[in-house]
Amino acid sequence: RESKGGENTENCFLSFCFSLALGLYTVNAVYGDTITMPCRLEVPDGLMFGKWKYEMPNGSPVFIAFRSSTKKNVQYDDVPDYKDRLSLSENYTLSIKNARISDEKRFVCMLVTEDDVSEEPTIVKVFKQPSQPEILHQADFLETEKLQMLGECVARESYPAGNVTWYKNGKVLQPVEEVVVINLQKIVDKSTGLFTMTSSLQYMPTKEDANAKFSCIVTYYGPSGQKTIQSEPVVFDVHYPTEKVTIQVLSQSSTIKEGDNITLKCSGNGNPPPQEFLFYIPGETEGIRSSDTYVMTDVRRNATGEYKCSLTDKSMMDSTTITVHYLDLQLTPSGEVTKQIGEALPVSCTISSSRNATVFWIKDNTRMQTSPSFSSLQYQDAGNYICETTLQEVEGLKKRKTLKLIVEGKPQIKMTKKTNTNKMSKTIVCHVEGFPKPAVQWTVTGSGSIINKTEETKYVNGKFSSKIVIAPEENVTLTCIAENQLERTVTSLNVSAISIPEYDEPEDRNDDNSEKVNDQAKLIVGIVVGLLLAALVAGVVYWLYVKKSKTASKHVDKDLGNIEENKKLEENNHKSET
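Residues numbered from 1 in each chain as written. Predicted model: local features only at pLDDT ≥ 70, side-chain atom pairs only at ≥ 80, totals over all residues. Heavy atoms only, no water.

1. What about the sheet that holds strand β10 (residues 86-88)?
- Spatially, β6-β11-β10 is the arrangement adopted by the 3 strands of the open sheet, whose pairing is antiparallel. The open sheet has two edge strands, β6 (35-37) and β10, and neither has a second partner. Mean inter-strand twist for the sheet, computed between neighbouring axes without regard to direction, equals 15 degrees.
- Summarising the sheet, β10 and strand β11 (residues 94-96) pair through 3 bridges and their orientation is antiparallel. (Pairing = 2+ DSSP bridges. Helix = DSSP H or I, 4+ residues; strand = E, 2+ residues; numbered from the N terminus. Axes fitted to C-alpha atoms, helices over the stretch in contact; angles between N-to-C directions.)

2. Structural notes on the pattern of salt bridges
- On inspection of all chains with the given rule, the structure shows 23 salt bridges.
- Salt-bridge contacts for K128 lead to E157; the nearest nitrogen and oxygen are separated by 4.0 Å. Here E157 lies in strand β16 (residues 148-158) and K128 lies in the loop between β13 (117-127) and β14 (134-136), a separation of 29 residues in the sequence.
- On the accessibility criterion, E157 (45% relative accessible area) is partly exposed. (Salt bridge = Lys/Arg side-chain N within 4 Å of Asp/Glu carboxyl O. Buried < 20%, exposed > 50% of the residue type's maximum accessible area, 1.4 Å probe, protein only.)

3. Regarding the state of the cysteines
- Overall, the coordinates contain 5 disulfides when judged by the stated rule.
- Between C39 and C109 runs a disulfide, and the two sulfur atoms are separated by 1.9 Å. Here the S-S torsion is close to -90 degrees, and the disulfide linking C39 with C109 is therefore left-handed. Pair noted here: C39 is in the loop between β6 and β7 (49-55) and C109 is in strand β12 (residues 106-112), with a separation of 70 residues, a long-range link.
- Assessed through its relative accessible area of 2%, C109 is described here as buried.
- The disulfide that involves C153 links it to C216, with 1.9 Å between the sulfurs. On the sign convention where negative means left-handed, the S-S torsion of about 75 degrees between C153 and C216 marks this disulfide as right-handed. Within this pair, whereas C153 is found in strand β16, its partner C216 is found in strand β21 (residues 213-222), the two being separated by 63 residues in sequence. An identical accessibility class is assigned to C153 and C216; each is buried. (Disulfide = S-S within 2.5 Å.)

Structure (structure tokens):
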């Protein structure tokens, strides 16, 4: 860059610049590059030779190069600093290789004739860009409310010396007493003349400085003006005391039930976080010293309550409430229960839980619509009953108990007969009820022979049928024997020969026991009422007969004879049915 008076022009090339300032011609060179200094004198007529010299600080000259205008030969003076570094061209331009800081001098070009000596000075300025600054001797961590050395920003081999500025999160750190203290040192290497700048930063951090980025920038001057180089940012671990304690319940689900494990975690918001705490458990008067976690295994309902944790010095505390959900189920009766048919059996399923529970019944793998109630047990009531309950919104909390109900009964028999449509055979059926399932045997009364060719229906709800098909040539009496662990029952039935027509009784396989009991009761009541009415009518008739004539008496005797015959027939029929 050339400068003269108030005018500025730039002419930079080959890593050096020329400038004119205050009437002096200046060459700006980069450290290590070649310095080129043209002789700015017009070559006079009669030139004998040209020479270059530089001036010592005391003003004495040191000649370094000579060139004859006639012989065209070049001579370099024996100056150790410039040995093998100089080059003088035909136009008397002087070049100095490998620019050094010591080359910053006043050089003079001299053109000599027989009558005159002309001189033109040139000022040489050398610039060296510093290395990228580094933050060294970094603190392991920073503590709040404490002024301490954060680190040193070091930039090496600069010329001229530069300045160092500290930044936090991209903003300049200005010195503040007892908060931000900056010291800058500039040390020159005597052998090279280059500067090393070291800026130390003492800093009192706050909690907000966690994750803050600290950096430094070196400002220096080069041939073309002012420039900067920035260091890599550094983040420091900022230590600060705990201001708040928090307790948490670590659980795989949102609810806790009996049998679960509970892990309590206590944490502080300091850095580094506290490593030990005091845990306060319901029912315990003193805190339990532990790490940041406290584990309780297989908890019960009495673990419900308020849990607390604090720092070991009890300075801070937090609390949380834990509810341990439970579910109890009491089934009465339960297990295997054996009852007799017709008996009553009260059944209750009682629930005790920490919140509303859902209860339902299952019988033989089928869900029931209502709870079971037995005022008069029937065979179809037997089965496997399950009372099951679940606790709403508590995952995995389910209880169930079972009742295996066995309904026993002595064998009951009803026999029926029916002539088949082909008129060639008759079907005799023995309808059997009872539990355990009775064994059925057929025999022929009189001969005592056993009939083995029988057919049985499926045993359902304590009922089944045994059937035989016969074609008797004469009247026969058949006996059906049903026997289980409770009793043996025997019933007989007269069957006419196939050639004799008889009344065929319809089969009534599906009547249940309650209907049979009702029918029997109605029959008994009807018979009693009928007998009473018959007795009353007989008494009235007898009185009337006494009053009437002998003719009437004869008629009465005849009617009574008929009545006696009817009675005998009824007795015979009754015996036959029995």
